[in-house]
Amino acid sequence: MKRFILNTLKLAILFTGMVYLIQWGISYRISGKTVTGYDTLECTENVNADLVLLGSSRCWAHFDPEFFQSNYRVKTVNIGMNGHPDILASHLRFENYLARNKAPKYAILTMDPFVSAGNLEKNSNMVNKNDYARFAFMPNTMDEPLLQYFKFDAAERYVPLYALCKYQMFWDCITLNKSDSFPKGFELNDEEWDTLKYPITSENKKYFFKESDIPDIKKALMQFKQLCQKHQVKLLCIQTPTYKAVYDSESFNWPGAICKELNIPFFDANYEAIRNKTVYFYNTNHLNRTGVLEMNSRLKNAQQLTDFFKINP
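Residues numbered from 1 in each chain as written. Predicted model: local features only at pLDDT ≥ 70, side-chain atom pairs only at ≥ 80, totals over all residues. Heavy atoms only, no water.

Trainee: How would you explain a nonpolar patch on the surface if you had to name every residue and give the values?
Mentor: Side chains of Y20, W24, M138 and Y158 sit close together on the surface and give an oily, nonpolar patch of about 440 Å² of accessible area. Within the fold, Y20 resides in helix α1 (residues 2–30). Assessed through its relative accessible area of 32%, Y20 is described here as partly exposed. (Patch = residues over 30% accessible without salt bridge, like charges linked within 9 Å, V, L, I, M, F, W, Y side chains within 5 Å. Areas by Shrake-Rupley, 256 points an atom, 1.4 Å probe, with all protein chains shown as cover. Salt bridge = Lys/Arg side-chain N within 4 Å of Asp/Glu carboxyl O. Helix = DSSP H or I, 4+ residues; strand = E, 2+ residues; numbered from the N terminus. Buried < 20%, exposed > 50% of the residue type's maximum accessible area, 1.4 Å probe, protein only.)

See below:
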């Protein structure tokens, strides 16, 4: 019996050791790379950009770093978080970036009726959580706040391979077959809007923040502004186009009013000439390549942007 227990213990130790070795081998293989195109924390290490672009998918899909680099001579990185319109997510992502880089001179944050304040303790937005599972095991201090945001539990943090298998990341980490999905530094979409398959509706209006949410949004935005001030980063908020079906002037005037009250520069790029044409979108609130190029052609001539990049923070 003792021999059986001893052999069982040896096998358990051997198995655990093998699992740890596989986990550490995978961690080494993916170090400094993106596995899915969204897990870009290490890809933006030591970038030391002049301009950091932040926000949800409306940042990630709309802002081409090359446009800012070419027109304003500022090295630019887009760290928008797809599916996360809360200001808290952008705050945590920016803190993570700052821990890995010199502070930039400028930051641009998307600010529109889709934003929310966010709450670390009550967060229930787990969009793309699986993409961040690669950081869960034995996390470093830089990644800890984002892992708290996504509520990774103790087993996911300390049991080797558990998080990778649970969130179906294991094979992607082995093959890196999706690792080329971050080639341009943002999610440029070539799709034309198939309005038969995806009919035009105003359904996305239900995601607009309400007037009762404004105090919390102000608080979150002020905290983000204070983070920028702490690192001497000049902040600008921008509102990008949506299709006219989800546009109403009252809701889209609120972001500018909030920024004005907090003394944060605000630029409204929700151009009527863009929001009136389906050719510029692949759905009601995201531009396609044609729309991004059209928006950029207008931003290029915007005096407010020119002035923003001329003024040292």
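Having seen it, we continue.
Trainee: Describe the packing of aromatic side chains, and please don't skip the residues or the numbers.
Mentor: Note on aromatic pairs: each is described by the distance of the centres and the angle between the planes. Counting across every chain of the model gives 24 aromatic pairs. Centroid distance F63 to F68: 5.9 Å. Interplanar angle 80°. Geometry classified as edge-to-face. A centroid spacing of 5.7 Å and a plane angle of 20° characterise the contact between F209 and W254, whose relative ring orientation is stacked. Placement of the pair is F209 in the loop between α8 (170–175) and α9 (214–230) and W254 in helix α10 (residues 249–261), with a sequence separation of 45 residues. The two residues F209 and W254 agree in class, both being buried. Grouped by ring-pair contacts, the aromatic residues F63, F67, F68, Y72, Y106, F308 and F309 constitute a single cluster. Sitting over the ring of F152, K129 keeps its end group 4.8 Å from the ring centre. If you follow R298 out to its NZ or CZ, it ends over the ring of Y271, 5.5 Å from the centre. (Phe/Tyr/Trp six-rings, centres within 6.5 Å; stacked < 30°, edge-to-face > 60°. Lys NZ or Arg CZ within 6 Å of the ring centre and 35° of its normal.)

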